[in-house]
Amino acid sequence: MKAEITTPTSEFTQRFSATRRGARVARHLAVHQLNGWGIPYGSDLSDSAALIVAELSANAVTHARVQGRDFELRLTLSPMTLRIEVSDARADREPSPRPPTPDSETGRGLLLVDALATAWGTADRDVGKTVWAELPRR
């Protein structure tokens, strides 16, 4: 008989109001949860995760907000990676990083996600989409 080998993971899932305050609270709770998992505040992984959560949450409340619908944050910690997922109710708004003009005050967030994450992308849901990013555990 073969024993099934499973990789232990830790998971955190929370829904937030699709507001700027909700996005800010998501970032704070994410780094608090990481600290609880032994990834200290101010570490490279914690800081990178905070930036990615902030950007994906801000995008969810700015570009993908649906009246009366929340967004969801999920963190999954495995021995090799931290996966960050932000789900919203808008499937018709696919994120795509585009180089902003030099004088633009917005449009650099997904470029930041692309630079920090080892991989990122989107996945369809029954309602809406999930934007995910993965960071290596250093």
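This text goes with the structure placed above it.
None of these values were measured; they are calculated from a predicted model.

Right, let's get into the nonpolar core. Nonpolar side chains in soluble globular proteins tend to be buried together. Ile52, Leu56, Leu73, Leu75, Leu82 and Ile84 are the most contacted members of the largest nonpolar core, which has 28 residues in total. Of all elements in the fold, only strand E1 (10-16), helix H1 (20-36), helix H2 (44-62), strand E2 (71-77), strand E3 (81-88), helix H3 (109-116) and strand E5 (129-136) reach the threshold of two or more residues within this core. A total of 7 residues in this core trace back to one element, the largest contributor, which is H2. Ignoring anything within four residues of it in the chain, the contact list for Leu75 reads Ser10, Glu11, Phe12, Ala30, Gln33, Trp37, Val53, Leu82, Arg83 and Ile84.

Turning our eyes to something else, we now look at the sheet that holds E2. Reading across the sheet, the 5 strands line up as E1-E2-E3-E5-E4 and stay open at both edges, with antiparallel pairing between neighbours. Two strands lie at the open edges of the sheet, namely E1 and strand E4 (119-124), each paired on one side alone. The sheet shows a mean angle of 15° between the axes of neighbouring strands, taken without regard to direction. Where E3 meets E5, 8 bridges bridge the pair, whose relative direction is antiparallel. Across the sheet, Arg83 pairs through a bridge with Glu134, a residue of E5.

In this section: the pattern of salt bridges. Under the criterion given, the structure shown has 7 salt bridges. Here Arg74 makes a salt bridge to Glu72, at a shortest N to O gap of 3.8 Å. In this structure, Arg74 engages Glu85 in a salt bridge whose closest nitrogen and oxygen atoms are separated by 4.0 Å. Residue Arg74 is found in strand E2, and its partner Glu85 is found in strand E3; the two are separated by 11 residues along the sequence. Residue classification places Glu85 among the buried positions, given a relative accessible area of 15%. Each of Glu11, Glu72, Arg74, Arg83, Glu85, Arg125 and Glu134 takes part in a single network of salt bridges with overlapping partners.

Reading guide: rules and limits
- Residues numbered from 1 in each chain as written.
- Predicted model: local features only at pLDDT ≥ 70, side-chain atom pairs only at ≥ 80, totals over all residues.
- Heavy atoms only, no water.
- Core = buried A, V, L, I, M, F, W, Y, C linked by side-chain atoms within 4.5 Å.
- Buried < 20%, exposed > 50% of the residue type's maximum accessible area, 1.4 Å probe, protein only.
- Helix = DSSP H or I, 4+ residues; strand = E, 2+ residues; numbered from the N terminus.
- Contact = heavy atoms within 4.5 Å.
- Pairing = 2+ DSSP bridges.
- Axes fitted to C-alpha atoms, helices over the stretch in contact; angles between N-to-C directions.
- Salt bridge = Lys/Arg side-chain N within 4 Å of Asp/Glu carboxyl O.

These results come straight from atomic positions and should not be treated as a statement about function.
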